[in-house]
Amino acid sequence: KKSNVIQLSFKHENPQMAALVVNRLADTYLAHHVSVHKAPKSVKFFQDQSQLLMAKMERSEEALKALKKQYNVTSLEEERTLLLEQSSALRAELNTTLSEKVEAEKRIGQLRLQLASTPKTVSQGEVSDQNPYLLNTLEARLVELQLEEKKLLARYTDQSRPVTNVREEIHIVSQKLAEQEGKRYASKSTGLNLTYQNLQQTLLQNEAELNAIKAKAETQQVHLTVYQSQLDKLNQIEVELNQLQQQVDVNRENYRLYLTKFEESRIADAMDSEKITNVSI
């Protein structure tokens, strides 16, 4: 008692049988001791798991390789740096273009105000002249009356009523003719205002410039959107790559772990098979 010694004995009339029974009992005890202290089927389990994990690791590595080939990825960091530099430079150009647009709109507003307060035409002087039609009419009438006076004088005396009437009319026509000869009719001449023309031309040039600036800003905005889309896509690719890389790393680590366990269990099983225990006869 209170020791680590087990004593076996067996009595039999046949000495060979006695020895056979005791030796068989000792061997059975050793076999039972080994089976109790080793994990059942551990070698097979770790071997199977190692093979499964190796296949899983190889599939994840192939998936990672295929993803890199699909997106033609060489260096994500270099591509991101290049895109950020291009995007930053284009954004600075766009800000400059937008400032030019604001300045152009201000100039156009000022030009329109000036154009609204500037007359289209200006007076270029006055041209004065008599009324030729009225003068010709009066002169013709005067001639007619004088001829009629001569005819009447051939028939009537100076004091006769027809003669005095004609002479009175001749006097009236002569007075009107004298008045019209003394009058001059003035007409004003106008022309297109050169200042208005210059303002209008400048306005058209500025409007054309503004349209060009707007088109430039739209193009820059489109390119900036493309750069941002490429950056977003690059970030998404990086997420997918990181996820696959993490999966590969986990699979590799698990494979190494189970491979180590398999080797340990295989060695332990070999030792158990050789009955290397702490029990001796």
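Residues numbered from 1 in each chain as written. Predicted model: local features only at pLDDT ≥ 70, side-chain atom pairs only at ≥ 80, totals over all residues. Heavy atoms only, no water.

## Examining the overall build of the chain
So the rule is basically this: Segments assigned H or I by DSSP are reported as helices when at least four residues long, segments assigned E as strands when at least two residues long, and all are numbered from the N terminus. For every residue, the accessible area obtained with a 1.4 Å probe (protein chains only) is divided by the maximum for its type, and the residue is called buried under 20%, exposed over 50%, and partly exposed between those limits. To be clear on the numbers: accessible area is Shrake-Rupley with a 1.4 Å probe, and residue cover counts the displayed protein chains and nothing else.
Looking only at helices and strands, the chain features 6 helices and 2 strands. Helices and strands in the chain line up, N terminus first, as α-α-α-β-α-α-β-α. Across the 281 residues of the chain, 22% fall into the buried class. Here the chain displays about 21,000 Å² of accessible surface, and carbon together with sulfur accounts for 53% of that area.

## Side note on a nonpolar patch on the surface
For clarity, the cut-off: Patch definition: residues with relative accessible area over 30% and no salt bridge; like charges joined within 9 Å; nonpolar side chains (Val, Leu, Ile, Met, Phe, Trp, Tyr) joined within 5 Å. Should a side-chain nitrogen of Lys or Arg be within 4 Å of a carboxyl oxygen of Asp or Glu, the pair is scored as a salt bridge.
Taken together, I6, L8, L25 and Y29 make up a surface patch of nonpolar side chains, about 400 Å² in accessible area. We classify I6 as exposed; its relative accessible area is 60%.

## Things to note about the pattern of salt bridges
Under the criterion given, the structure shown has 5 salt bridges. R252 is paired through a salt bridge with E61; the nearest N and O atoms lie 2.8 Å apart. In this pair, R252 sits in helix α6 (residues 194–273) while E61 sits in helix α2 (residues 42–71), placing the two residues 191 residues apart along the sequence. For E253, the salt bridge goes to R256, with nearest N and O atoms at 2.9 Å. Of this pair, E253 and R256 both sit in helix α6, 3 residues apart, which is roughly one turn of that helix. Residue classification places E253 among the partly exposed residues on the basis of a relative accessible area of 45%.

## Focus on the environment of T137
Along the polypeptide, T137 turns up in helix α4 (residues 132–155). When the C-alpha atoms of T137 and L177 are compared, they prove to be 9.3 Å apart, with 40 residues separating the residues in sequence.

## So, helix α3 (residues 76–116)
The condition that has to hold: Expected span of a helix: the number of residues minus one, times 1.5 Å.
Helix length check: α3 (41 residues) gives 59 Å between terminal C-alpha atoms against 60 Å at 1.5 Å per residue, within 8%. Listing the buried residues of α3 in full gives L76, R80, L83, S87, L90, L94, T97, A104, I108, L111 and L115.

## Brief notes about the confidence of the model for the chain
Applicable threshold: Within a predicted model, pLDDT stands for the predictor's per-residue confidence, ranging from 0 to 100.
In the predicted model, the chain carries a mean pLDDT of 82, and the fraction of residues at 70 or more is 88%. The least confident element of the chain, judged by mean pLDDT, is strand β1 (residues 121–129) at 62; the most confident is α3 at 89.

## Comments concerning the environment of Q114
Along the chain, the position of Q114 falls in helix α3. For the pair Q114 and Q200, spaced 86 residues apart in sequence, the C-alpha to C-alpha distance is 9.6 Å.

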